[in-house]
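# Commentary on secondary and tertiary structure
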Amino acid sequence: MKKVYRRLPAIVFVGFIAVMLVLLIVMPKKDFSVNEKRNLQQAPAFSFASFFSKEKTFENQFENFISDQTPGRDFWVGFNSSFCKILGNTAPKGVYYGKDGYLINDPTETKQLSRNIGFMEEFAVDVKDKLNVPVTVAIAPSTGYVCADKLPDFHYTYLDDDLFPTFADTFKTARFVDLRDCLKTAYAGGKQVFYRTDHHWTEDGAYAAYSELGKTLGYTPNPETAYEKTSYPGFYGTTYSTSGFWGVAPDDIEVWDNKANDGAVSTTITDGDKVIEQDDMFFYSHLDENDKYPVYLDGNHPYTVIKNTKADSDKKLLVIKDSFAHSLTPFLADHYSEIIMVDLRYYANPCSELIQNENIDEVLILYSLDNLATDDHVGRIG
Amino acid sequence: MVFSSLLFLFVYLPIVLAAYYICPRKWRNLLLFVVNLVFYGWGEPIYVILMVISTIVDYTCGYFIDKNREKNPKKAKGFLIASMVINLSMLGFFKYSGMILKTINLIPGVDIPLPQLPDLPIGISFYTFQTMSYSIDVYRREAPVQKNVITFGTYVSLFPQLIAGPIVRYKDVAYQLDHRRETLDDFTKGVCIFCVGLAKKVLIANQMGAMWDAMQNTGQDNGWLGSWIGIIAYSFQIYFDFSGYSDMACGLGNMLGFEFLKNFNYPYISKSITEFWRRWHISLGTWFREYVYIPLGGNRKGFARQIVNLLVVWFLTGLWHGASYNFILWGLYFGLLLVIEKLVLKKWLEKCPAAIQHIYALFFIVIGWVIFYFSDDVGGMSAMGAFLGSMFNFGGVVIGNNALTLLMSYLPFLILACVASTPLGVKLYEKVKAHASAPFLQTVYCAVVLFLSTSFLVSGSYNPFIYFRF
């Protein structure tokens, strides 16, 4: 007995690695990770070609297979994030564990920023000169900047107050709408303008931006009372998934529906060969998922058209955007008979042609700062 | 394949251990040879050929050196030279041809197009040095010839120390290759040493590496204190990464019945640079002393010659670490410091209080890591100069907000690294070693390390092996 006791470390070690191996073999393989929002690697088929290929296809796939299918994967990841958090690392995976359950992306790198801003101004000059269509640019500030009081005590510096004035300087032809103040004011007024578990703005945030944009785009924003608000619980968004933290309360997600438009609005999404048509801007089936943000306009697609026969103008608006526009555009639909929304990450045709062919009256470029700072598709805008 | 990966821990290792202990003793070397090649070929299957060639060449050279040593010493010497030329050519071709061509191109008027060079075969710096030690030791009659090509192949390709050392000299394992006896006590010891290494690598080195990488991308002025904290994090990363790997190698060796020599002996508690190099990467220092410094005459041919010999050895030591000029500079930097210590500083230092000696040694070690880090891939000399400038810009920012955030985020790991750099833990352990509860403490330690390491590895937080490129 004493001998066995002396060898306990070896027994535990061998036991652990052996059990992990056995579990790895016998446990049913998962296809999809809800937390990571991606398909998990399955056992790759061995072939000499893939084993000896330059990309080491088999080896890489096999290693991904092992890490994706490690028994208790979600447990290990969650444990790790929470362990690091306890030791004082507030952002072990680039997401701050803030106060009141806020999970906030750390400040973005700024490497693509000045280039992207340059592309936009160039485009605005071009469109103004050749087609005489005005271009408006609106950029949403970072969550960490607006909700600074929710950040942990030690955190990186958010650069919004340094960056936004340089945007204002660069945009001479494009009309620049600075969304910092309207969001900060709404936030100070007690509104939750960003989600706690997602990087997007909430309906309150989008509404504040929509109200601010009216001053430049020339519409009179609807009062909040125009909308029927419905709240849906259980929303776990991107910052939740990225962070891996345990014990995070989900968000509620709201849909603000202007009932006056019932029957008048239609949405047509063109994505490759697929065309989705619906008499509504909200895609309620996504509310069954953890990530409920695609309830607005069905999430990311290259080309979306929204028509409203009851709009207060017969103008046509082109929105060039990232996903922040999905919750904002439904508000705009009250003021334009047709909105075309393109996402440069998936839409590669020149926007100037689109403006000409579709007789666009007004262009809105809407991005979030974080996305704009890292996106390398903005150069396609031309 | 690297030890600190899920693939190694939960697939390769349990299968290899099971196969090894099921296998009859006489087939164990063959089994090891095969699994070594799987280990090596994973990720770079084509270079298995290189390993097999290396095995055959040095086996053949060793065989003929042994055969001709008595009757025809010239022929024996010829085979020794052949072995060295082939090994060094292999190393030179794969590791240094790019650097050599770029250097030649610096000559005005010369413009040789750089060919598409193959990736550096993993561990080539380590196993070419090992096989050379074999040929030299056989020639010097310090090691017996190995008649069995499989056994010799097992030595050349032995997976525990294949890719990051220690550089095991043939004579140190010659007997073990044929006559080792695996025992449960050694196995248990191996498990404990392996877990120490795993903790060093995953729980300290990777965290310090994450901190150092982040420190360089904060996008703002880190301040002089921030720069110091960053390079100190890197100093910890490189030590725990490398010594963790050596520990894992020794532990795995124990599990398989081998006993390798210690490669690190708490280098950061040194009181001088001379002492540091007796405690840092011991197997490499031994190799250069035995196969370069002493054959050059060491200190036996007069003072001037000794200085030249030292500088040659340190030039080569630097160059061995990588095909970039900063490594040569790094080697010569230490060579020069060692000469200065030998000449003047030593007597003076010994009179100073211990604290001063530690500060002196650590200061120059850390500055050494600045030189070491900034290879051509990461900005070279100009980046090095800029970084050194930031470290001594005492009039500027003390510490930037982002650097402070990083410091606070990694503080527990930084403190752990400081403590683990000293023999404090081992001393405490020595005290309870005899106590009945010692195995229980070891078990808890191993379990905690395995648990935490698994969580870090699955979490994929961070896992690059710095010593891969050498």
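What you see as residue numbers is a count from 1 along each chain, following the sequence as written. Whichever chain is written first is A, and whichever ligand is written first is 1; the rest continue in order. For this predicted model, a pLDDT threshold of at least 70 governs which residues receive local features, and a threshold of 80 or more governs which side-chain atom pairs are given and counted, while totals over whole chains, interfaces and linings are taken from all residues.

### Brief notes about the overall build of chain B
A run of H or I in DSSP counts as a helix once it spans at least four residues, and a run of E counts as a strand once it spans at least two, with each numbered from the N terminus. The helix and strand tally for chain B stands at 19 helices and zero strands. Atoms considered for the radius of gyration are the C-alpha atoms alone. The globule rule reads 2.2 Å times the number of residues to the power 0.38. Relative to the compact-globule value of 23 Å for 470 residues, chain B shows a C-alpha radius of gyration of 23 Å, a close match. Principal-axis analysis of the C-alpha atoms gives chain B an extent of 70 × 65 × 50 Å. Burial is judged by counting the other C-beta atoms within 10 Å of a residue's own C-beta: 20 or more makes it buried, 12 or fewer makes it exposed, and any count in between marks it as partly exposed, with every C-beta position built from the backbone. For chain B, buried positions account for 45% of its 470 residues. Two residues qualify as being in contact provided that their C-beta atoms, derived from the backbone, are within 7 Å of each other. When contacts within chain B are restricted to residue pairs at least 6 apart in sequence, long-range pairs at least 24 apart make up 75% of them.

### Some thoughts on the interface of chain B and chain A
Taken together, the contacts link 41 residues of chain B with 40 residues of chain A. For the side of chain B that touches chain A, the secondary structure elements donating two or more residues are α1 (6–22), α9 (184–215), α17 (401–420) and α19 (438–458) of chain B. Tallying contributions element by element places α19(B) first for the side of chain B that touches chain A, with eleven residues. Residues that form the side of chain B that touches chain A fall into these classes: 26 nonpolar, 15 polar and no charged. Only Asp, Glu, Lys and Arg are considered charged in this grouping, and only Ala, Val, Leu, Ile, Met, Phe, Trp, Tyr, Cys and Pro are considered nonpolar; every other residue, Gly among them, is considered polar.

### Side note on the domain arrangement of chain B
Reports of interface size often rely on the accessible area that becomes lost once the parts have come together. Residue and element names in this part refer to chain B. Along its sequence, chain B is carved into domain 1 (6–180) and domain 2 (186–469). Look at where the C-alpha atoms of domain 1 and domain 2 centre, and you get two points 26 Å apart. Contacts between the two partners involve 24 residues from domain 1 and, on the opposite side, 26 residues from domain 2. Every element with two or more residues in the side of domain 1 that touches domain 2 is listed here: α1, α4 (73–105), α5 (124–139), α7 (159–162) and α8 (170–179). For the side of domain 1 that touches domain 2, the per-class residue count stands at 15 nonpolar, six polar and three charged. Domain start and end points were adopted from an automatic or database domain assignment.

### Focus: the sheet that holds strand β13 (residues 338–342) of chain A
Residues and elements named next belong to chain A. The strand order β6-β5-β14-β12-β13-β11-β9-β10 describes an open sheet built from eight strands, whose pairing is mixed. Each having just a single partner strand, β6 (175–178) and β10 (274–278) make up the two edges of the open sheet. With direction set aside, neighbouring strand axes in the sheet form an average angle of 15 degrees. DSSP calls a pair of strands paired once it identifies at least 2 bridges connecting them. As paired strands, strand β5 (residues 135–140) and strand β14 (residues 362–368) are joined by six bridges and run parallel to one another. Looking across to β14, one finds that T136 is bridged to L364. Interaxial angle, 0 to 180 degrees, is taken between N-to-C directions of lines fitted to C-alpha atoms, where a helix line uses only the stretch in contact. Here helix α6 (residues 113–131) sits on the sheet in contact with β5 and β14, set at roughly 160 degrees to β5.

### Focus: helix α3 (residues 48–68) of chain B
All names here are of chain B. With 21 residues, α3 extends 30 Å from end C-alpha to end C-alpha; this agrees with the ideal 30 Å at 1.5 Å per step. When α3 is considered as a whole, its buried residues turn out to be M51, S54, T55, D58, Y59, C61, G62, F64 and I65. Buried positions along α3 lie against α2 (28–41), α4, α5 and α6 (149–157). The length a helix should cover is 1.5 Å for every residue beyond the first.

### Let's talk about helix α14 (residues 325–351) of chain B
Residues and elements named next belong to chain B. Under the 1.5 Å per step criterion, the end-to-end length of α14 is 36 Å for 27 residues, consistent within 8% with the ideal 39 Å. The bend at a residue is defined as the angle formed between two axes, one fitted to the seven residues ending at that residue and one fitted to the seven starting there. The sharpest bend along α14 comes to roughly 70 degrees, located at L345. Burial in α14 covers these residues: N326, F327, I328, W330, G331, F334, G335, L337, L338 and E341. Contacts from the buried residues of α14 go to α11 (273–279), α13 (303–320), α15 (354–373) and α16 (380–391).

### So, the confidence of the model for chain B
Mean pLDDT for chain B: 88, with 97% of residues reaching 70 or above. A score from 0 to 100, pLDDT tells how confident the predictor is in each residue. Confidence drops under pLDDT 50 across residues 461–470 of chain B; counting only partners more than four residues distant or on other chains, this segment forms 26 contacts.

### So, the domain arrangement of chain A
Domain annotation of chain A identifies domain 1 (2–71) and domain 2 (110–230 + 256–381). The C-alpha-based centres of domain 1 of chain A and domain 2 of chain A are spaced at 43 Å.

### Notes on the nonpolar core
All names here are of chain B. Defined on buried residues, the nonpolar core groups Ala, Val, Leu, Ile, Met, Phe, Trp, Tyr and Cys residues joined through C-beta atoms within 7 Å. Core analysis: the largest hydrophobic core is formed by 135 residues, its most contacted members being V191, C195, I204, M208, M211 and A233. A total of 19 residues in this core trace back to one element, the largest contributor, which is α9. Among all residues touching A233, those that are not within four sequence positions of it are M208, M211, W212, M215 and L414.

### Some details on the packing of α6(B) against α8(B)
Residues and elements named next belong to chain B. Here α6 crosses α8 at 130 degrees, and the two axes come no closer than 11 Å. Overall, the two elements α6 and α8 adopt an arrangement that is oblique. Here α6 and α8 pass one another in a crossing that is right-handed. The residues of α8 that touch α6, namely those facing T151, T154 and Y155, are Y170, V173, L177 and D178. Grouping the amino acids of the contact of α6 with α8 by side-chain chemistry returns four nonpolar, two polar and one charged. Angle categories: roughly parallel below 35 degrees, roughly antiparallel above 145, roughly perpendicular from 65 to 115, and oblique for all the rest. Each crossing gets its handedness from the near helix: less than a right angle anticlockwise from the far helix is left-handed, clockwise is right-handed.

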